[in-house]
Amino acid sequence: MKSSAVHRLRLVSAPEAVSFIVLLVCSVLKRTTDFNAVPVMGTVHGVLFILYLLFWADAWKKQGWDARRGVLMFVLSVLPTGGFFAERMLAREEQEGWRPAAAAEKAAV
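K.L.:
Report on the side chain of Asp58, specifying residues and quantitative values.
P.N.:
With respect to the secondary-structure elements, Asp58 resides in helix α2 (residues 38–63). Apart from residues no more than four positions distant in its own chain, Asp58 is found in contact with Ala5 and Arg8.

Shown next, in the form of structure tokens:
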């Protein structure tokens, strides 16, 4: 089952992860050199993170994720490389289709 909510979350998850890593690198460079890109990267990462949260909430609601899956997707957003894992999980969900446990049980009966 293709879902536009899952697709949007998938599209923003990898760039959000990249921006987080770049922000961490910029933070180190700010303290060790005269290079200071933290204000710019902080803004970029902040916007991408807010988009991730909005798309995450929308996907959770529209896909009927259980609490475990919803919380996992949130936790992945706050880990520096978690967005890459989220993107891979969401890609699999887009291809195979994901149903909540209750719907899967009803389909099996």
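Once the structure has been displayed, the description carries forward.
K.L.:
If you had to explain the environment of Gln63 to someone new, which residues and values would you point to?
P.N.:
Tracing the sequence through the fold places Gln63 in helix α2. For Gln63, a relative accessible area of 7% corresponds to the buried category. Only 3.0 Å separates the side chain of Gln63 from the side chain of Glu93, close enough to count as a polar contact.

K.L.:
Can you explain the pattern of salt bridges? Please cite residues and give values.
P.N.:
What the rule picks out here adds up to five salt bridges. Put simply, Asp58 and Lys62 hold a salt bridge, and the shortest N to O gap is 3.5 Å. Note that Asp58 and Lys62 are positioned in helix α2 at a spacing of four residues, about one turn of the helix. The class for Lys62 is exposed, based on a relative accessible area of 52%. For Glu93, the salt bridge identified is with Arg69, shortest N-O distance 2.6 Å. You can see Glu93 sitting in helix α4 (residues 82–96) and its partner Arg69 sitting in helix α3 (residues 67–78), a full 24 residues away along the chain. For the residue pair Glu93 and Arg69, the accessibility class agrees, reading buried in each case. If you follow the salt bridges from partner to partner, you end up with Arg8, Asp58 and Lys62 in one network.

How each quantity is defined
- Residues numbered from 1 in each chain as written.
- Predicted model: local features only at pLDDT ≥ 70, side-chain atom pairs only at ≥ 80, totals over all residues.
- Heavy atoms only, no water.
- Helix = DSSP H or I, 4+ residues; strand = E, 2+ residues; numbered from the N terminus.
- Contact = heavy atoms within 4.5 Å.
- Buried < 20%, exposed > 50% of the residue type's maximum accessible area, 1.4 Å probe, protein only.
- Polar contact = N/O pair within 3.5 Å; in protein donor to acceptor, adjacent residues only side chain to side chain.
- Salt bridge = Lys/Arg side-chain N within 4 Å of Asp/Glu carboxyl O.

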